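Structure assessment
Read off the chains here:
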Amino acid sequence: MNINMNSITLIILGIIALCCPFLVSMTYSVFSGFVLLMIALLLFISAINIFKFHRVGGIVAVVLAIISLIFSFIVMFNPALISAFISFLVYIIGCIMIISGIYYVFLARLSYNPLLVFGISNILFGSLYIIIGSFIYNPINLSLLIGIWLICTGLFSIIFER
């Protein structure tokens, strides 16, 4: 059985997110920056695979990764800024997940079918992140949602890999 490294990376990052909910309660800004960094890493890793099948798709994934990377550094290294717009950050992260999910679903229809699982997972959990983030202001619950999202996406990727 050939297991994709993306899947293993997602599962490991999900376990880390589930094991460190108190880190979120201590400083939401660092964790949010880390989450954006994970998304950027996932986008960079998937861009490498996408470039093999669709050049424009790879470029879009790299652009989304760079945007996520920039936001991650802003959020991690400026905690005063995060306290000013903490609820806005939830929408940024959720929107990035949904946009990348829609893009992955579209790209899967064109040429690279394994991205369908990533796309559906990103749309589902990005929407949940926005909904739950709007009503629950407890960062521990949001970190649990992100951990579950990463683990489910990794497991689904392993299960549905061809």
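Anything mentioned here points back to the structure above.
First things first, this report covers the structure right here in the doc. Everything quoted here is computed from the prediction, not taken from an experiment.

So, about the overall build of the protein. Broken down by element type, the protein carries eight helices and zero strands. If you take every contact in the protein between residues at least 6 apart in sequence, the share linking residues at least 24 apart comes to 74%. Surface summary for the protein: the accessible area is close to 8,200 Å², and the carbon and sulfur share equals 78%.

A surface patch of nonpolar side chains, about 350 Å² in accessible area, is lined by Met 5, Ile 8, Ile 12 and Ile 16. Checked against the element boundaries, Met 5 lands in helix α1 (residues 5-19). Classification of Met 5 by relative accessible area gives exposed; the value is 56%.

With respect to the helices, strands and loops of the structure, Ser 100 is situated in helix α6 (residues 86-110). The class of Ser 100 is buried, set by a relative accessible area of 3%. Within polar-contact distance, the side chain of Ser 100 engages the backbone oxygen of Met 97 at 3.0 Å. Leave out the neighbours within four places in its chain, and Ser 100 touches Leu 43, Leu 64 and Asn 122.

With that settled, consider the environment of Leu 42. Looking at the secondary structure, you find Leu 42 in helix α3 (residues 28-53). Taking C-alpha positions, Leu 42 is 7.4 Å from Asn 6, a pair spaced 36 residues apart along the chain.

Applying the stated criterion to the full structure yields two aromatic pairs. Here Tyr 103 and Tyr 104 contribute two aromatic rings whose centre-to-centre distance is 6.4 Å and whose plane-to-plane angle is 50°, an arrangement assigned as tilted. The burial state of Tyr 103 is the same as that of Tyr 104; both residues are buried. These aromatic residues form a ring-pair network of at least three members: Tyr 103, Tyr 104 and Phe 118.

So, on to helix α4 (residues 55-77). Spanning 23 residues, α4 covers 33 Å between terminal C-alpha atoms, matching the ideal 33 Å at 1.5 Å per step. Every buried residue of α4 is listed here: Gly 57, Gly 58, Ala 61, Leu 64, Ala 65, Ser 68, Ser 72, Val 75 and Met 76.

As a further point, take the environment of Ile 120. Along the chain, Ile 120 falls in helix α7 (residues 115-135). Residues Ile 120 and Ile 98, spaced 22 residues apart in sequence, show a C-alpha to C-alpha distance of 9.0 Å.

A rise of 1.5 Å per residue sets the reference length of α1, with its 15 residues, at 21 Å; its end C-alpha atoms lie 21 Å apart and thus fit the reference within 8%. Listing the buried residues of α1 in full gives Asn 6, Ser 7, Leu 10, Ile 11, Leu 13, Gly 14 and Ala 17. Angularly, the buried residues of α1 cover 170° about the axis, an arc narrow enough to put them on a single face. Facing away from the buried side of α1 by over 90 degrees, the exposed positions are Met 5 and Cys 19.

Analysis parameters
- Residues numbered from 1 in each chain as written.
- Predicted model: local features only at pLDDT ≥ 70, side-chain atom pairs only at ≥ 80, totals over all residues.
- Heavy atoms only, no water.
- Helix = DSSP H or I, 4+ residues; strand = E, 2+ residues; numbered from the N terminus.
- Contact = heavy atoms within 4.5 Å.
- Areas by Shrake-Rupley, 256 points an atom, 1.4 Å probe, with all protein chains shown as cover.
- Patch = residues over 30% accessible without salt bridge, like charges linked within 9 Å, V, L, I, M, F, W, Y side chains within 5 Å.
- Salt bridge = Lys/Arg side-chain N within 4 Å of Asp/Glu carboxyl O.
- Buried < 20%, exposed > 50% of the residue type's maximum accessible area, 1.4 Å probe, protein only.
- Polar contact = N/O pair within 3.5 Å; in protein donor to acceptor, adjacent residues only side chain to side chain.
- Phe/Tyr/Trp six-rings, centres within 6.5 Å; stacked < 30°, edge-to-face > 60°.
- Expected span 1.5 Å × (residues − 1).
- Arc of directions from axis to C-beta.

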